[in-house]
Structures are given as C-alpha cells and as structure tokens.
Amino acid sequence: MNDRLSTVRERIASDDGDGRLPNRRFVVGVLALLVLLALPVGTGPLFLLKMTGAFYFAIFAMSWDVVSGYTGNLSFGHSFIFAVGGYTAALLTLDAQLSPVVSVLVGVLAAIVAGLVIGFPALRLRGPYFAIVTFLLPSALTGLFVLYKGTFGGELGLPSPAYLLDMNGQVATITANYYLALFVFVAMFALLFAVTRSRIGEILTAIRENEDAVASSGINPVKYKLLAFELSAAVGGFGAALFVHTPIGGANPTQLLAVAVSINVLLATILGGIGTIVGPAIGGVVFYLLRDSLDSISWNIPVLGVSFSSLDLILFSIIILVVIYFIPDGIVGGVQQTARRLGGPDEESAMTDGGRSTLERILTRYRRDLEEDWGERNE
Amino acid sequence: MNDNTRAQAGDSAPVSNGEPTTAVGKRTSSRTGHSRRRFLVASGATGAAALAGCVGGLGGGGDSGPIKIGALGPLQSSVGQDLKAGTQMAIDELNANDGILGRDVELHMADSQNDPGVAKKKYTELTLQEEVDVTTGGWLGPVINVIMEGMKDSKTLHIGDAGASIAPNDLIKEDYETYKYWFRIAENAVTSAYNRFAFIKDNWKQHGWDKIAVIYEDLGYNQFQQQYFEQSFSDIGAENVLSLRYPTDTKDFSTIFDKVESAGADMLYGVIAVTGTPAVTQWYKQQRPFQLVGTVSAAQQSSFFNNVNGNCQYFISTIADVPGGAITDQTVPFQEKFKKQHDQYPSLTGYYGYMTVNAFAAAAETAGNVNSDDLVDALENMKKKSLLGTLEFYGRDNRNVHDAIMDKDHIYWQFFQWQEENGAGVQKSVWPEDRANGTYQTPPWLQ
Amino acid sequence: MNALILSAVFALVSLGLTLIFSVGGIFNLAHGVNVTLGAFSAWYIATVLGYNIWFAAVIAIVVPAAFSVLLYKGMIRRIQEQPMTVMTVTLLVELISEYSIREIIGIQSRSVPALFGGIIHVAGATIAVNQAAAFVITWALIAVMFVVFDRSRLGKAVIATSMSARGAALVGIEKDQIQLYTWIAAGALAGIAGLFFGSLRTADWSMGMNALVIAFPIVVLGGMGSIRGTLIAANFFGFLNVFILSYSDPSLSKIVPIIVLILILLAKPQGLLGREVGA
C-alpha cells in the first residue's frame, strides 16, 4: 500500500520531470474544488441540478475512459454497463423494497458482472469488431426490456425510485444531492487517477502500446485488461446506481441505454482527452453544461429558419472533428501542451510517450493489430 | 403504462434504517413540507439545507405582473411546434382582449426533447425559477412521470396534452391533495380504447368486416388497448382472427400482411401510431385484399398525403378533427386562422394548446385568481364549449379522474379516410355520423 | 420472397462497407449518409421537382458517389493510416450529416415513387411490380460485381490492392486510384439501396443510421473484406428475420440476431469467411 502511494506521489511529482508543473496542476484542482464546494451559495437550485447531472455524466465518461483509453479497445456501447447498474438498483428499491444504499451496492455488483460480459469478448475480438459488438449490446438489452416490459418498463422505463437523500423541500433535496454527486465525482476521480498513475496504470499503458512485449516480460496482460474492465464497470455501475436515486436521473432507456448516451460519453472524452481520466472528468462536465446551455438559446438562425438550439449536436460534432484534426490530445491535453510550452524553454524532459498523443498511440496499435490479422497490408 | 404492473411516482418508498419515519400514506395539507421518508447517507449536506421549505407554496408568481404559462413539448417535432403555435395563438387573442383578470399573459416554452432528464430540468426551471402559474403539454409517458414527481413540490396546476398513461389518475385517487393539480384535455389509454373499439362495433357489419386482424406496435401505451380489444370482440359478431405485437423497428410489413391474409381477414386494424407510415404505403402499393384501419400519428397531418405521394388513399385513420369539421362554432375559424399563420392545418397539439389556455383562462376568471387550489376547484366544475366539443372533466368517482370526458356529447375522436379530390388529398371524416363530412370509399381493388 | 428482396438491398449497402475495408482497411461509419442521400435525392427530383423517376434514380446514384469522393479526398485520405481516428471521424460525419438532413427535411417520412407501378401475381402470391423490380435489379448488380472482380482488369486490380498495396504498386497499380473507385462504387451502390428503401418502405432522416445498424453486423458476420461472406450473411439475417416474424414471437427479432452474431464471433472472431476478397 505504502509502495503504491509513494509511486503515485512520485509519479505526480516527477511528471514531465519538472517540479513546477504538477504543483500548478494541483493548485488549479484545489481551487476548482473549493469553487464547487461553495457553488450553492452563488447559484440557484436549477444550476445545482444541472451540475449534478454533469457530475454523473462525467463519472460515466471516466468509466468509459478506463476501458477505451487504457486498454485501447474503444467501446461504442458503454451504456450497457450504466443500464445494468442503474436498472438493477432501481428495481431493487422499487420492487424488493430494499434501502437505496443496499440497492446501489447490489447494482455495482451487477455492473461488475456485466463488465465480464463485455470483457471476455474483448479479449478475443480486435478493435473494430469489439466496437461493433459493444455497440449492439445496449440494443439487445433494450430488446430484453421491451420483451419483458412488465418488469423493466419497456421504452418508458421504470418509475422513479426513492431518492438517496430526501430532505424537506425541493431546494434542500437538490442541494444535498448536489453535494453527494460532487463527493462521488471527486472520489471516483481520485480512485481512477490513483490507479492509472500507479504501477497498474503503467502496465495497462504498456499493454496498450505493445501487448506482446508485456506478455513476454512475464506479466499476464489478460489479468490486467480484465481488471480494467471490472474497474470501469464498477465505477460506471456505481455512478448509474446512484444516478437513478437522484432528482435528475431515472432508470429509463433515454437516460441510460440510448445510443446517444454511449456516443455522448465517447465525444465528451475525446473532447477532453482520451486516456487521461482528467480529460473525461473535465470534458464530461463541460460537454454536459455546454449542451445544456446551448439548449436555452432561443436565437433563430435567419436563413434556415431553424432554432439554434436544435443544432447543438451538429455543432458539437463539428467542434470535435476539429479537435481530432488539430488537437488530438483533446482539450485537456492541448492545455497541457500549451502550458508546457509557456512553462519556459528550459524543459528538457524526456518524453516517455515518444511525444505522440494517446489517441495516436491507440490507433497505431490498431494498425499493428490489423496487420497481424490480415497479413501484409498498406504500409 | 398499464395499471396492472406499476403505479408511478413514489408510492413504494422502502423502510429506512432506524430513523423515525412516517408512513407513506399519511396526508398532510401543509403547503410546504411533506411527510416523506428520509434517507441519510454520509454526506456533505450542510447548512445550505436551511433554504428548505420556502419553495413550493401554492405555485405561481403571485398576484400581479404577467400571468405565465409554461408549455413543455418536444420542439424537434410538430408535437411541440404545434403546441407552441396553438398556445401562442390563444395567448395573443387573450392579450388583445385584456388578458386574464386584466393581466397580460406570457408563454414560457420549454423543449422537453422527449427526454425525462431534460424535462426534469425544464420543469424545475419553469416552476422553481420562472414560477409559472400553470404548466401544459408533457406528451410522453416518462415526461408525465417527471411532471407528477415535480408536482409534489411545485403544486403548480398542470393541464396536459396526452400521454396514454393512466398512472396520474391512479395517483390522484391515491393521494388527492398532492396530485389534484393534474388535468388532461386529451385522451388516455382507457378513453381512447373505448373510442376506437366503438368505431369497430358501429361499422363492422355494414362494411362486411366479419374477420378482423389487429396488430400492435410493441410500445407500452397500447397494452390496455390490446387487453380491451381482445376481450371486447366477444361482444360483437366480428371475429378477431389475429392479434399480433410487432417490434418497433419494423419497416417491412409484407410478412405481417401475409400472415393477415392467411388468417382470412377482411379488415386489418393497426395500433401503429409511431411506426405505421410504411405499413400504410406498403398496404396501398401492394393492394392487399383487406381494408386498413388504424391510428398513425403522421397521417393526421394535412401534409401526409403529399409526403407519401398519395400512397395512403383509402386508409381509414383517427383524428381529433378534420379540416373543415365544424364541431363547434369556434372550430373552423380556428383552423383557418392557424392555416393562415402556419401554412398548414393544426395537428392534435395545436388544438390542445389553444384549448388548454382557454380552459385555464376560464378557470381563472371563475376563481378570480390564479391560486392553484382555486383553479382546481374551477376546473372540476367546468363545463364549457371548446374547439373539439364540450369540455368537462371526469370527477373523483371515475377512474379517469381529472381527464376530459370523452364521449359523443363532449370531445370524441373521429375516424376519417384519406381520399383524393381534384388531384389533391383530403381528409374526410366518416365517423361518428354526427361529425362526419364524407362517406367511406371502398378501395378499388377490394370491390 | 420478402427475405430475398430485403437481403439483396441490404447486401448492396454491406458490399460497399466491405469493399472500402478490404482495400483501405477503413471502417466507414459515414456510409449510412450515402443511403439517406440516395433516397432523398431521388425523392427531391421525382416528387418536389416532378421529374421522371428514372432520371431521379440516376441522381440517386450520382449524389452519394460524389459525397463519397468528397469525403475520401477531403478528409479520409489524410488519416487513413489511423483506423480508429477514421472510425471516429466518419462517425462524426454521419452524425452531422443525418442531423443536418433532419433539420432541412424534418422528421416526417416521405415516399420515393416506385420505378414501376402495379402489381403482379407470382406463384400464388401478390407482389408489387416495384418489389419484383428491386429484386431483379439488386441481384443483377451483385452478379455484375462478381463478374467485375473475377474477369475485369479493374476487379483484379482491386483484389491485388487489397492483398498487398506495395505489391500492387510494383506492377503499376496505384492504391489511391483504386481506393477512389471503391469509394465511388460504395457510394453508388448505397445510393441505389436508398432509392429502394425509399420506395419499398419510406425515406426518413435516420434511415442511414438504421441501415448501418444492420449492415455492419452483416459485414462483421460475413467477415470484413469478403464479398461472398457478406452475401451469405445478408441472406442469413434476412431469412432469420422473416423466420422470426412468421413463426415465432416477433418481439424476438431484435435480440436474436445480436445474440447469434456474438456467439458466432466468439467462435470465429474473423467472421464466417474472413479475409478473402472477390469471388
């Protein structure tokens, strides 16, 4: 334990070989946390409600990043995990009359099992095949929910289970749930950050780069990849199980199972920076809030006669396209790069990642995988 | 959702761990606090909770300033767009005549995106932040759940525009004081099922539909209808030869039609509101040997005939009213005015938006204020002329409490047929007789 | 009968995907746009402007092909060495395009006029002439493709490139040109499929995405890069679907194909006939 902690500390301290940078990052992080803690003072319950939604979405995004950013297998159907966790918890609270706390815990367990469902095929299927299978899993689950709509509510979803925190009055309830969401968000972030910056994270990154090399050094990559899947499932399932017990969330296909959920998580993480945990944390919150605020703009675009707000998905997709082309590291990565550059000319730290972005590295590995599968290919 | 499986919103709160609790069934008439079970998890809940309790009240902004109507609908489709249009039209007319109680009326339109998460935020915004005096719209089941959930705190009057779910009615029966603010001027699953089967009952004999097949798109809203249909066929002479639910992503109905044909059906009734457009066009183009009757939401639009290049002729469908159908003396002028402003005749929510505002206005005038509790009383006692007929709400003794009465003396849906006239498509109402403005035309291939 | 028609039209969509993959190693998630463009170009020309449907059919081929060329040359060629980036980029293009179409056209479904009107009686069943026409035309196109790959120089060039671009280059075949041809072909085929979807069913803004959801499993099941595999898989799914609708609970028609696909992939991760290209 001590060993792992000190590794984490060392990693943080020695990141980029520069003593200044990490402190700066820490300060920024702490400041942000303080602002978030004090948020209810300056804003109203509506904004807190939105922030609550944003936190849970960011938790989903971070969970996605553990799989897609660290095992290098892009998942196109992570909503499968969220739905299993959320629906299990909701069903237990509603039908089995369990306390929400217990339901949440069982929901996490269910999600971990679901993680195996995704994990095992992942070990056999390469990138794009894995992507397609993961894409189809939520559809299968939706089909199941519709088939047994008496139990699962079909396309309408389940009624709202009791809240975890239910105070006297709407504003108090919203505020309490905000703090819960903030707390869980920070906790999940800390957990994932610690794991991915620890030795486990190093091994995962190494596996992502070159699995065979890792295998030949005596470490079993299968074990670590499965761990990543389970961790992702646990975090995602936990977030979802809590989510359905809040004022902003519910166990229904639109919020937990829709293709849009899986795609949004992907978009937000790429926007923020895949494979960093920080990326989806910030990207998730920003993506959610931005889309929400775009929604409220009632400006009409003159020539087309459509309202601006209905174009928000289009707008976001265009933005992310631009990001992919010009800032493959995502916004967080881009900021770091800029900060690095601004940090001064005397930074001569060796770039252990070869100077390329995570996204580039993931896809280079895919190329290699495909080449292995398909024989000599386009060089 | 059908009432056999689950009731909605907060009726099954589990036991907490050791904290003093109050039973869920306890009613309080206090405006602000409710007795509810508490669940305290280790939390950072702080003194900000001291803000508790002041919100909710009797809903609404107060006694002066503009009266605000909050409409909630999916703006990416005509459901939301027409709701907005109809509501705004009514509001403009009111404002041209002194408003309500001498105050100006304002529309606060919110896009629900048919997404319960979004709807939750929008509803909170309307009731908590903008403090509207009434909410309208809703449309989708999960959104209705959101509204019922929110109503517990907001105590804001809601006059809804659809959503088959009868869960709100159950909630009102269970806890009148909390949920009495729900009203609906649209059909629900029960009243619509009665109306639809009445058409079959009135018409099967004269058209020779001795064998009737029914198909249902697999969505929750029609489960009651299926049960009701299946048990009601024994009351009439026609035989229900096939009863089939099909998945909602079906775009090819050929196989299903083959099954209907092998069952020997004279008529196919389709509960196909959301997914039915390809079924209609394929039926027409393949000239299947049975009459097609059913509910297709898109077919209610006046633009439908052109959209499908006329491949819907002879299809009999359901509608609140056809263009030109003068149910009351308000109806046609409204239709024409709408057409003038928006280039097409109103669809369902266009009527509902308009009717809702006027019902609210009438209730306010009766009550003399916009206090939610007084408005509820006024609406419960209302009996007034509206676009689609006499508007009156079911009482507390009826299972459809607070929904608009649906029968031939009040509001009642019609069945119409798409027909071609002078090269253009028209919607001709064929039932009920007192509202019909056309006669049934047999498809040429069935003659 | 229905199954054969359906399978063939879906096969047209799937073939484009397989071709693009086999030659370039690219997963084109924007392929659905070709379908939607084909359908709505035809609709616009034939219904809004009122021209002859056959002329509209030509447009339905040209527009998606042009789109594909633009997409390939403008965006994909630059990043084609990075498959996952391509996947993400094409996904975004798909989203942007289809949602833009939704804004322009609206969410109402439209009908594309049939190529032929009327009905005929075949083997005791009544079908619309248009359905029969779709059947004949799509299978004819598929046959043509087989011939092209087997006999023509172009076809052999494609096969060569798919196996080894460097080797092909050594004999004077330029990969970039071959790729361009496959993208054009994919766009054209999908456009025709869109035309048929629009007249046999309806055309709506999300039809491309919906087609992809079925086409990709077909391609994956058949094995990326295998034309024969794609055809077998298309028919397999087509018949499976009709079977479920006719003889068992229709509600299963969503779940069963997915489970079947997953099981087969677990057994054979390369799909049924993974790897080979051509007849």
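Whatever comes next refers back to the structure up there.
Heads up: these notes are all about the structure in this document. (Residues numbered from 1 in each chain as written. Chains lettered and ligands numbered in written order. Predicted model: local features only at pLDDT ≥ 70, side-chain atom pairs only at ≥ 80, totals over all residues.)

### Some words on the overall build of chain C
Part 1: The helix and strand tally for chain C stands at 11 helices and 2 strands.
Part 2: Along chain C, from the amino end to the carboxyl end, the secondary structure elements read α-α-α-α-β-β-α-α-α-α-α-α-α.
Part 3: For 279 residues, the compact-globule formula gives about 19 Å, and the C-alpha radius of gyration of chain C, at 18 Å, lands near that figure.
Part 4: Here the C-alpha coordinates of chain C stretch approximately 55 × 45 × 35 Å along the principal axes.
Part 5: A fraction of 77% describes how many contacts in chain C between residues 6 or more apart in sequence connect residues 24 or more apart. (Helix = DSSP H or I, 4+ residues; strand = E, 2+ residues; numbered from the N terminus. Rg over C-alpha atoms; globule rule 2.2 N^0.38 Å. Contact = placed C-beta atoms within 7 Å.)

### Notes on the sheet that holds strand E1 (residues 67-73) of chain B
Residues and elements named next belong to chain B.
Part 1: Strand order in the open sheet formed by 5 strands is E2-E1-E3-E4-E5, with parallel pairing between adjacent strands. Each end of this open sheet is capped by a strand with a single partner; those strands are strand E2 (105-111) and strand E5 (182-184). Averaged over neighbouring strand pairs, the angle between their axes works out to 20° when direction is ignored.
Part 2: Pairing between E1 and strand E3 (residues 134-137): 4 bridges, direction parallel. Within E3, the position partnered with Gly 70 by the bridge is Thr 135.
Part 3: The strands touched by helix H1 (residues 78-95) are E1, E2 and E3; relative to E1, the strand with the most contacts, the crossing angle is about 165°. (Pairing = 2+ DSSP bridges. Axes fitted to C-alpha atoms, helices over the stretch in contact; angles between N-to-C directions.)

### Focus on the interface of chain B and chain C
Part 1: In this assembly, 26 residues from chain B lie in contact with 24 residues from chain C.
Part 2: Looking at the side of chain B that touches chain C, the elements that each hand over two or more residues are strand E7 (239-246), helix H8 (254-262) and helix H9 (277-286) of chain B.
Part 3: By residue number, the principal contributor to the side of chain B that touches chain C is H9(B), which donates 5 residues.
Part 4: Looking at side-chain class alone, the side of chain B that touches chain C contains 7 nonpolar, 12 polar and 7 charged residues. (Nonpolar A, V, L, I, M, F, W, Y, C, P; charged D, E, K, R; others polar.)

### Side note on the sheet that holds strand E10 (residues 316-319) of chain B
Neighbouring strands of a sheet are bound in pairs by backbone hydrogen bonds; such pairs are parallel or else antiparallel.
Residue and element names in this part refer to chain B.
Part 1: An order of E7-E6-E8-E9-E10-E13-E14 is seen for the 7 strands of this open sheet, with the pairing classed as mixed. The open sheet terminates on both sides in strands that have one partner only, identified here as E7 and strand E14 (424-431). On average, each strand axis in the sheet is inclined to that of its neighbour by 25°, with strand direction left out of account.
Part 2: Pairing between strand E9 (residues 291-295) and E10: 2 bridges, direction parallel.

### Considerations on the environment of B:Val118
All names here are of chain B.
Part 1: Structurally, Val 118 is set in helix H2 (residues 116-129).
Part 2: The spatial distance from the C-alpha of Val 118 to the C-alpha of Val 146 is 9.8 Å, given a sequence separation of 28 residues.
Part 3: In contact with Val 118, not counting residues within four places along its chain, are Ser 112 and Gln 113.

### Details of the environment of B:Lys201
All names here are of chain B.
Part 1: Along the chain, the position of Lys 201 falls in helix H6 (residues 189-207).
Part 2: Residue class for Lys 201 comes out partly exposed when judged on the 15 C-beta atoms lying within 10 Å of it.
Part 3: Between the alpha carbons of Lys 201 and Phe 233 there is a distance of 8.6 Å; along the sequence they are 32 residues apart. (Buried ≥ 20, exposed ≤ 12 C-beta atoms within 10 Å, placed from the backbone.)

### Structural notes on H6(B)
Residues and elements named next belong to chain B.
Part 1: With 19 residues, H6 should reach 27 Å at 1.5 Å per residue; the first-to-last C-alpha distance of 27 Å fits that figure.
Part 2: Taken residue by residue, H6 has Ala 189, Val 190, Thr 191, Ser 192, Ala 193, Asn 195, Arg 196, Ile 200 and Trp 204 as its buried positions.
Part 3: Residues of H6 that are buried in the fold lie against strand E6 (211-217), helix H7 (223-232), strand E8 (267-271) and E10. (Expected span 1.5 Å × (residues − 1).)

### Some remarks on unusual backbone geometry
Residue and element names in this part refer to chain B.
Part 1: Looking along the chain, the bond that leaves Trp 431 and enters Pro 432 is cis, with omega of 0°.
Part 2: Inspection of the secondary structure assignment puts Pro 432 in the segment after E14.
Part 3: Unlike most non-glycine residues, Asn 309 shows phi in positive territory, near 50°.
Part 4: Topologically, Asn 309 is positioned in the loop between helix H10 (304-307) and E10.
Part 5: A residue is classified by how many C-beta atoms lie within 10 Å of it, and Asn 309, with 20 of them, is buried.

### What about the pairing of strand E12 (residues 389-392) of chain B?
Residues and elements named next belong to chain B.
Part 1: Where strand E11 (residues 383-386) and E12 come together, 4 bridges link them in antiparallel fashion. Directly across from Lys 385, in E12, lies its bridge partner Thr 390.
Part 2: Here E11 hands over to E12 after 2 residues, the two strands then running antiparallel side by side.

### Considering the environment of A:Leu271
Residues and elements named next belong to chain A.
Part 1: Here Leu 271 shows up in helix H13 (residues 259-272).
Part 2: Residue classification places Leu 271 among the buried positions, given that 26 C-beta atoms sit within 10 Å.
Part 3: With 48 residues separating them along the chain, Leu 271 and Ile 319 place their C-alpha atoms 8.5 Å apart.

### A closer look at the packing of H1(B) against helix H12 (residues 348-367) of chain B
Residue and element names in this part refer to chain B.
Part 1: It is the contact of H1 with H12, at a shortest axis distance of 6 Å, that shows an interaxial angle of 35°. Handedness of the H1/H12 crossing: right-handed. Across the interface between the two elements, Val 79, Asp 82, Leu 83, Lys 84, Ala 85, Gly 86, Thr 87, Met 89, Ala 90, Ile 91 and Leu 94 from H1 touch Thr 349, Gly 350, Tyr 351, Tyr 352, Gly 353, Tyr 354, Thr 356, Val 357, Asn 358 and Ala 361 from H12.
Part 2: Of the residues in the contact of H1 with H12, the class split is 12 nonpolar, 7 polar and 2 charged. (Left-handed = near helix turned anticlockwise from the far one by under 90°.)

Function-wise, these values are silent; they only describe arrangement.
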